[in-house]
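Single-letter residue listing:
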Amino acid sequence: MTRYYRPVARFGEVPTPQSFPLAGSLCWFDTVAVHERGGGVHTIPASDVPDDELNRLTRARKPIAGMAMTGPRIMGILNVTPDSFSDGGQFDAPDRALDHALAMQREGAEIIDVGGESTRPGATEVQIAEEIARTAPVIAAIRAKSDVPLSIDTRKSQVGAAALQAGATLVNDVAAFTFDPQLADVAAKAKVPVCVMHAKGSPETMQDDPSYEDVLLDVYDFLSERVDAAVAAGIARDQIVVDPGIGFGKTLEHNLILLRGIALFHGLGCPILLGASRKRFIGTIGGGDDASDRVSGSVAVALFAARRGVQILRVHDIFATKQALDLEWAIGGAAMT
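Rules behind the numbers
Residues numbered from 1 in each chain as written. Predicted model: local features only at pLDDT ≥ 70, side-chain atom pairs only at ≥ 80, totals over all residues. Heavy atoms only, no water. Pairing = 2+ DSSP bridges. Helix = DSSP H or I, 4+ residues; strand = E, 2+ residues; numbered from the N terminus. Axes fitted to C-alpha atoms, helices over the stretch in contact; angles between N-to-C directions. Parallel < 35°, antiparallel > 145°, perpendicular 65-115°, else oblique. Left-handed = near helix turned anticlockwise from the far one by under 90°. Contact = heavy atoms within 4.5 Å. Nonpolar A, V, L, I, M, F, W, Y, C, P; charged D, E, K, R; others polar. Buried < 20%, exposed > 50% of the residue type's maximum accessible area, 1.4 Å probe, protein only. Polar contact = N/O pair within 3.5 Å; in protein donor to acceptor, adjacent residues only side chain to side chain. Salt bridge = Lys/Arg side-chain N within 4 Å of Asp/Glu carboxyl O.

(A) Summary view of the pairing of strand β5 (residues 40-45). With 6 bridges joining them, strand β4 (residues 31-36) and β5 adopt antiparallel strand pairing. The residue of β5 that forms the bridge with Thr31 is Pro45. Hairpin geometry of β4 and β5 is characterised by an intervening segment of 3 residues between the two adjacent antiparallel strands and by a positive phi of about 75° at Gly38.

Below you can see the structure in the form of structure tokens.
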């Protein structure tokens, strides 16, 4: 029976003599929850984890797009679309997109994720030429004004290639190279890092009664397979980021299970990206029918993830998130010395 090892991550306390660092960060663990399909969950001392599994959980991650993976990094969301769920139509003009990108950088974003195709539930596919026209000029304009790392959020190889030529430095594929496998080849040839995300179905259909045998383990297995596929395409394993895909073919309960178990994904040996900002489940639980009213809940989720070693937080509200993280790290980090 396959075993999955989830470190019980801790932060803000003095580490115990039996503890290990989590992915080379200030987070640590001395206990591991062992998940087995059909066999429930039990805990063991971290020292009892097999050496190869323990190495994946503990070793420091290599920098991604020039960013050290020793603590939470903020990825600012720049949707140059007319129909994204939270900010559709706000930044689809190049001048407004540039201004917003520079403002996010001033507020503390360490990387900007540029997307030209909405992947909200029910969204329809954007034609390649249109997606390139939306994204490449904006990326070029930002690059002319700033050296901030830029991510292209796309499923399509032609869009990715145009974005990289314009100055993008990371490929973020919500389809994990299943929609257009040639996108992996584009990234490999350019020698840029990538993010592979789990999504069940296409944006048009992904919320039509999604189901899983075990959502946490099913998503882990999918990401494991997609990391292997990316490596086979020529992408260095230490330059692959994984994203469990909150809200992409998941119910509210699925999202909560993935968040509770987010530390499991450290077992893939890759940095973890979490994109939960302003999503519907936050409003369902905490109130906020409008996406812009979900800032506080989004920050709460970001802090929860950061305390479990998640390295990249993809968010809309840069200043609020950075302020919370700065305070959390100043208080918690000091408490551990």
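So that's the structure; there's more coming.
(B) Structural context of the packing of helix α4 (residues 157-166) against helix α5 (residues 182-190). Where α4 contacts α5, the axes come no closer than 8 Å and their chain directions differ by 20°. Considered as vectors, α4 and α5 are oriented roughly parallel to each other. Regarding α4 and α5, the two cross each other, and that crossing is right-handed. Residue-level inspection shows Ser157, Gly160, Ala161 and Leu164 of α4 in contact with α5, the latter providing Gln182, Leu183, Val186 and Ala190. Split by residue class, the contact of α4 with α5 holds 5 nonpolar, 3 polar and no charged.

(C) Focus on the sheet that holds β4. The 3 strands are arranged β1-β4-β5 in an open sheet whose pairing can be described as antiparallel. The open sheet terminates on both sides in strands that have one partner only, identified here as β1 (3-7) and β5. Within the sheet, the average angular offset between the axes of one strand and its neighbour, ignoring direction, is 30°. Sheet topology places β1 next to β4; 5 bridges connect them, and they run antiparallel.

(D) A look at unusual backbone geometry. Even without a glycine there, the phi angle at Ala65 is positive, about 50°. Among the structural elements, Ala65 can be located in the loop between α1 (51-58) and β6 (73-79). Of note in the backbone geometry, Lys191 takes a positive phi value of approximately 55° without being a glycine. Residue placement: Lys191 occurs in the loop between α5 and β10 (194-197).

(E) Seen up close, the side chain of Glu53. Checked against the element boundaries, Glu53 lands in helix α1. Look at Glu53 and you get buried, because its relative accessible area is 18%. Side-chain polar atoms of Glu53 contact the side chain of Arg56, separated by 3.0 Å.

(F) Seen up close, the pattern of salt bridges. Under the definition given, this model contains 21 salt bridges. Where Arg10 meets Asp30, a salt bridge forms, and the shortest distance between an N and an O atom there is 3.6 Å. You can see Arg10 sitting in the loop between β1 and β2 (20-21) and its partner Asp30 sitting in the loop between β3 (28-29) and β4, a full 20 residues away along the chain. Judged by its relative accessible area of 27%, Arg10 falls in the partly exposed class. Among the ionic pairs, Glu131 bridges to Lys156, the shortest N-O distance being 2.6 Å. Separated by 25 residues along the polypeptide, Glu131 in helix α3 (residues 128-145) and Lys156 in the loop between β8 (150-153) and α4 bring together distant segments of the chain. In this structure Glu131 comes out as buried when scored by relative accessible area, which is 0%.

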